[in-house]
Amino acid sequence: MMKSKELFAKAKRLLPGGVNSPVRAFGSVGGEPFFVREGRGSKIYDVDGNEYIDYVCSWGPLILGHAHPEVVDFVRDVVAKGTSFGIPIELEVSMAEAVVEAVPSIEKVRFVNSGTEATMSAIRLARGYTKRNKVVKFEGCYHGHVDYLLVKAGSGVLTFGIPGTPGVPEDFAKHTLIARFNDLESVESLFEKYGEDIACVIVEPVMGNAGVILPEKGFLEGLRRITEKYGALLIFDEVITGFRVSLGGAQERFGIKPDLTCLGKIIGGGFPVGAYGGRTDIMAHVAPEGPVYQAGTLSGNPVAMAAGLKTLEILKRENVYPVLEKRMERFGREAKAIFDEAGIPVTVNSIASMGCIFFTEGPVKSFDDAAKSDTKMYARFFWAMLKRGIYFAPSQFEAAFISWAHTDDDIDRTLEAMREAVKEI
Ligand SMILES: *Cc1c(COP(=O)(O)O)cnc(C)c1O
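Bear in mind the structure is a predicted one, so any value in this text is a computation, not a measurement.

1. Concerning the overall build of the chain
The helix and strand tally for the chain stands at 15 helices and 14 strands. Relative to a compact globule of 425 residues, whose C-alpha radius of gyration would be 22 Å, the chain shows 21 Å and is just as compact. Along the three orthogonal principal directions, the C-alpha set of the chain runs to about 55 × 55 × 45 Å. Across the 425 residues of the chain, 57% fall into the buried class. In the chain, 72% of the contacts between residues at least 6 apart in sequence involve partners at least 24 apart. Only carbon and sulfur atoms are counted for the fraction: they give 53% of the accessible area of the chain, which is about 18000 Å².

2. What to know about the sheet that holds strand β13 (residues 390–391)
Read from one edge of the open sheet, four strands run β1-β2-β3-β13, paired in mixed fashion. Two strands in the sheet have a free side with no partner beyond their single neighbour: β1 (36–40) and β13. In terms of strand pairing, strand β3 (residues 51–54) meets β13 through two bridges, oriented parallel. Paired with Asp54 across the two strands is Tyr391, which belongs to β13. Of the strands in this sheet, β2 (43–46), β3 and β13 are in contact with helix α15 (residues 408–421), which crosses β3 at around 105°.

3. Focus on the side chain of Thr176
The topology assignment puts Thr176 in strand β6 (residues 176–179). Polar contacts involving the side chain of Thr176 include one to the main-chain carbonyl oxygen of Tyr148, which spans 2.7 Å. In this structure Thr176 touches Val135, Lys137, Tyr148 and Val151, once residues within four positions along its chain are discounted.

Analysis parameters
- Every chain is numbered on its own, with residues counted from 1 as its sequence reads.
- This being a predicted model, a pLDDT of at least 70 is required before a residue's local features are given, and a value of 80 or more before pairs of side-chain atoms are given or counted; all residues contribute to the totals for chains, interfaces and linings.
- Heavy atoms throughout the structure, all of them, feed into the side-chain values; hydrogens and water do not.
- Labels follow the DSSP assignment, with helices taken as runs of H or I lasting at least four residues and strands as runs of E lasting at least two, numbered in each case from the N terminus.
- As defined in this context, the radius of gyration uses C-alpha atoms, and a globule is described by 2.2 Å times the residue total to the power 0.38.
- Three exposure classes are used, based on accessible area relative to the maximum for each residue type with a 1.4 Å probe and protein chains only: buried under 20%, partly exposed in between, and exposed over 50%.
- Contacts were defined at the residue level, with two residues in contact if any of their heavy atoms lie within 4.5 Å.
- Accessible areas in this description were obtained via Shrake-Rupley with a 1.4 Å probe; residue shielding takes into account the shown protein chains only.
- Any two strands with at least two DSSP bridges between them are considered paired.
- Axis definition: a line fitted to C-alpha atoms, over the contacting stretch in the case of helices. Angles run 0 to 180 degrees between N-to-C directions.
- Here a polar contact means two N or O atoms within 3.5 Å. Within protein one must be a hydrogen donor candidate and the other an acceptor candidate, and residues neighboring in sequence count only if both atoms are side-chain atoms.

Rendered as structure tokens:
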């Protein structure tokens, strides 16, 4: 790990914590990150020549694996003809068509450059449309680093135990109301108190930033019912679940139509893209059609649109979802058996190709349940696996992703490594 070590020492002098996004710094598992040189399919290779099977997949976007040849070829063709124009291009329209076709509740869509931009803009739109101020979010859900959404958030905010964050004036967060996932009463009581001024409820329909937590039967239906009753909008943040839990996302899988949907990660095929969309009458409030301002210099650029479009095309053509789901199910089942045999209490939650091994007895149905996990043991597990060429997320509170490039052989090798790893954690 000599080269990685040298690079990280230099990086720490030049970048805060040596990284451009907090969880990458390995803070919660201790030690230092490796530097990656390249990726192919399910594998990544570090600058010191080590190979790893990658279950992070750039934190979700790479559902086709690294450097999928068809995506790379298409992007190469497009990039050679110019990377950005700030003038309408045909690829934006094709991409919009693909998104509208895939995601049940989206009739019209606006492309942005990240998931953060998508959630921030969708909430601005919800507030503009309803002429109300308040936003209900759930404990442990992460919606990007939007000021007023960093309250009780998941992902790095959770990993590092930061309660909110300095730099966000209390005034900015005073319209953010916190409810508990899988607890409709906590939502009802907020609406009883503030219903007239609640613009929207934003939720990850499957929580993916506090490990993986599934919605219990009736929970999403309940959110739909309550928001409708009070005239608030329901926003699904499908930045992780979109094109992941099915082609049409969680809303297709669970049969619930939100008013607005936020997309990111997979939609960019590995490039920076986000999107928000929904009913035509709501989207009509977005500038220039309506008064809610939102813009982006590089939004809808040809390179990102090409990568996303090709990715969606392949996902649809190959019908990847049933295969990925079976693979994750087997992985989860056999992993659980290995821990059971070793007498280590874990809970495995998974849906489609996303999953999480919580180091706690379980069940894990809420943020509080997830927080009971033995993060120190997770850290030991992480290093024991990494040593054996398997890369899981450097935090207990993140999902593991299986891509279309992960083979049964990859899974077998991972389980074999796990059998060895449990002996030393
Ligand atoms: C990753 C994520 C975001 C933020 O997306 P960025 O592209 O990192 O800004 C928002 N919501 C959810 C559910 C996410 O997982």
